Structures are given as structure tokens and as C-alpha cells.
Amino acid sequence: METRNTRLQTPADIWGLADPDQQRKARQDAIDDGDLIEITRMGRDIGITYPLAVSARAAQSMVPFPNIPQETVTENLWDTLHAFRDKARMTTEKEFEFQTSLYLNGLVPTLIFKATVSPGDDGEPVITIMLPDEDWETIGCGCHHSTGDRMLTVDDVASTLNFTPGRIREFIREERIPAVKCGGSWRIKRSELERIMNEGF
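What you are looking at is a predicted structure, and each value in this text was computed from that prediction instead of being measured.

(A) Region of interest: the pairing of strand β3 (residues 95-101). The alternating pattern of β3 places Phe96, Phe98 and Thr100 on a buried face and Glu95, Glu97, Gln99 and Ser101 on a face that is not buried. Sheet topology places β3 next to strand β4 (residues 110-119); seven bridges connect them, and they run antiparallel. When the bridges of β4 are listed, Gln99 appears paired with Ile112.

Following this line, the structure appears as C-alpha cells:
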């Protein structure tokens with residue numbers, strides 16, 4: 001007689017139920033929601049072949065002041081990527097911390113970031129650069145950051161203000177909305193959106 005190794009199924013297993021608060025957020029959802037900022041194209045320019053994203057909190061630490069020049073934002077991001085690449089060339093660990101010195105309003109402090117290579121939504125390897133207290137599995141799940149610090153996409157701001165994304169980009173070019181460009185797309189701090197909603201342009 002053949003015996004089968006069967007596992008008792010719970011109602012959650014049978015019906016595909018899960019607690020949304022316990023589920024890991026998909027990486028693409030975190031990118032779409034602005035919790036991660038896709039910078040794969042920049043990474044490829046310096047030889048990083050895996051998809052690459054930076055957490056919104058890490059991006060904000062690179063851009064702590066609203067009127068920082070775009071050139072400085074871009075330089076800070078490049079400096080961070082170079083520091084990551086230099087450390088990655090010397091380790092086989094799948095997670096490590098690295099340091100970089102960034103220009104921040106006349107100062108050049110050394111900041112610490114954490115990088116991890118982990119499975120993406122479809123199991124492919126992806127790289128995430130974040131702050132040391134962040135975890136790639138919980139970015140965007142409401143853990144470890146306040147929504148006031150969140151970096152929003154042009155589409156997020158357009159939807160909230162009832163403008164087209166093109167009009168929001170015009171406001172950015174006219175410097176009516178402070179924004180920074182990360183990985184080819186504009187990001188606006190939630191606090192700036194709230195200021196515009198309260199005070200106008």
C-alpha cells in the first residue's frame with residue numbers, strides 16, 4: 001500500500017487568503033508607490049548589470065534640502081553608485097554596508113548606506129541601496145519611515161493636484177515645484193506637495 005505525505009491545509013491555503021499586513025510588497029509596487037526609485041539605467045552606465053533601485057529614504061538623505069541644484073543631486077547619486085561598485089568588487093556577501101562622502105549644502109559628510117542583492121518579483125537578482133536600518137523585504141510596507149518623508153512621482157502629484165503629468169513637469173522646469181531627478185524620473189517630496197496644497201504655487 002502506498003502512503004502519501006499529505007500536509008493538512010488551512011482555510012487560508014485552500015482559498016489563497018493572506019494578511020495584507022504580513023505580505024511582502026512586490027518590488028514593482030514599491031517602485032510604483034515611490035518607496036523605491038529605479039536607477040537601473042544609471043547603474044548600467046558604470047557596469048552594474050542587475051536591476052538597481054534606491055530606497056526613498058536613502059535618496060532623501062542624498063537630497064536633504066529642497067533647493068539643492070540638480071547637478072549636485074546627480075553627482076551625489078553617481079558618487080553613491082561608484083562607492084557601491086567599489087565595495088561590491090571586493091566582497092561575495094549578498095548584503096554589505098558602504099560609505100560615501102556627499103556634498104550637502106556646503107558640507108561633505110560621510111554617509112553610510114546598505115546594499116543587498118536579493119530575488120526580484122520573478123526571482124531574478126536585483127540590487128537595492130538603502131539606509132542601514134532598512135530591510136529590502138519591508139520597504140514600502142509602512143515600516144521604518146514616515147509618509148511625510150516620501151518621495152512622490154510626477155503622476156502622484158498630478159493626480160493629487162488634478163493636473164496632467166506634463167503640466168507638473170512644466171511647473172518643475174519653471175521651478176514652481178522643487179523636484180529632483182533620480183534615475184531619469186522626477187521626484188517631489190511629499191512635504192512640498194503638502195506645502196503647495198496649503199499655500200499654492
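There is more to say, and it comes next.
(B) Region of the structure containing the confidence of the model for the chain. Averaged over every residue, the pLDDT of the chain is 79; the share at 70 or more is 77%. Mean pLDDT across the secondary structure elements of the chain bottoms out at helix α1 (residues 11-15), with 69, and peaks at strand β5 (residues 125-130), with 92. In the predicted structure, residues 143-148 sits below a pLDDT of 50 and forms nine contacts with residues beyond four places in sequence or in another chain.

(C) Highlighting the side chain of Ser55. Position of Ser55 relative to the elements: it lies in strand β2 (residues 52-55). Residue classification places Ser55 among the buried residues on the basis of a relative accessible area of 0%. Among the polar contacts listed, one links the side chain of Ser55 to the backbone nitrogen of Ala58, at a separation of 3.0 Å.

(D) Region of the structure containing a negative patch on the surface. On the surface, a cluster of negative charge is contributed by Asp29, Asp32, Asp121, Asp122 and Glu124. With respect to the helices and strands, the residue Asp29 is situated in helix α2 (residues 27-32). Exposure remark for Asp29: the relative accessible area of 39% places this residue in the partly exposed category.

(E) Layout of the packing of helix α6 (residues 154-161) against helix α8 (residues 190-199). One can describe the packing of α6 onto α8 by two numbers: an axis separation of 11 Å at closest approach and a directional angle of 20 degrees. By the criterion of interaxial angle, the relationship of α6 to α8 is roughly parallel. By crossing handedness, the relation of α6 to α8 is classed as right-handed. Seen from α6, the contacting residues are Val157, Thr160 and Leu161; seen from α8, they are Leu193, Ile196 and Met197. In terms of residue class, the contact of α6 with α8 is made up of five nonpolar, one polar and no charged.

(F) Main features of the pattern of salt bridges. Applying the stated criterion across every chain yields a total of six salt bridges. Here Glu134 and Arg57 are joined by a salt bridge, their closest N and O atoms 3.9 Å apart. Highlighted residues: Glu134 in the loop between β5 and β6 (151-153) and Arg57 in helix α4 (residues 56-62), separated in sequence by 77 residues. No difference in accessibility class separates Glu134 from Arg57, as the two residues are buried.

Definitions and cut-offs
Residues numbered from 1 in each chain as written. Predicted model: local features only at pLDDT ≥ 70, side-chain atom pairs only at ≥ 80, totals over all residues. Heavy atoms only, no water. Buried < 20%, exposed > 50% of the residue type's maximum accessible area, 1.4 Å probe, protein only. Helix = DSSP H or I, 4+ residues; strand = E, 2+ residues; numbered from the N terminus. Pairing = 2+ DSSP bridges. pLDDT = per-residue confidence, 0-100. Contact = heavy atoms within 4.5 Å. Polar contact = N/O pair within 3.5 Å; in protein donor to acceptor, adjacent residues only side chain to side chain. Patch = residues over 30% accessible without salt bridge, like charges linked within 9 Å, V, L, I, M, F, W, Y side chains within 5 Å. Areas by Shrake-Rupley, 256 points an atom, 1.4 Å probe, with all protein chains shown as cover. Salt bridge = Lys/Arg side-chain N within 4 Å of Asp/Glu carboxyl O. Lys, Arg positive; Asp, Glu negative; His and termini not counted. Charge placed at Lys NZ, Arg CZ, Asp CG, Glu CD. Axes fitted to C-alpha atoms, helices over the stretch in contact; angles between N-to-C directions. Parallel < 35°, antiparallel > 145°, perpendicular 65-115°, else oblique. Left-handed = near helix turned anticlockwise from the far one by under 90°. Nonpolar A, V, L, I, M, F, W, Y, C, P; charged D, E, K, R; others polar.

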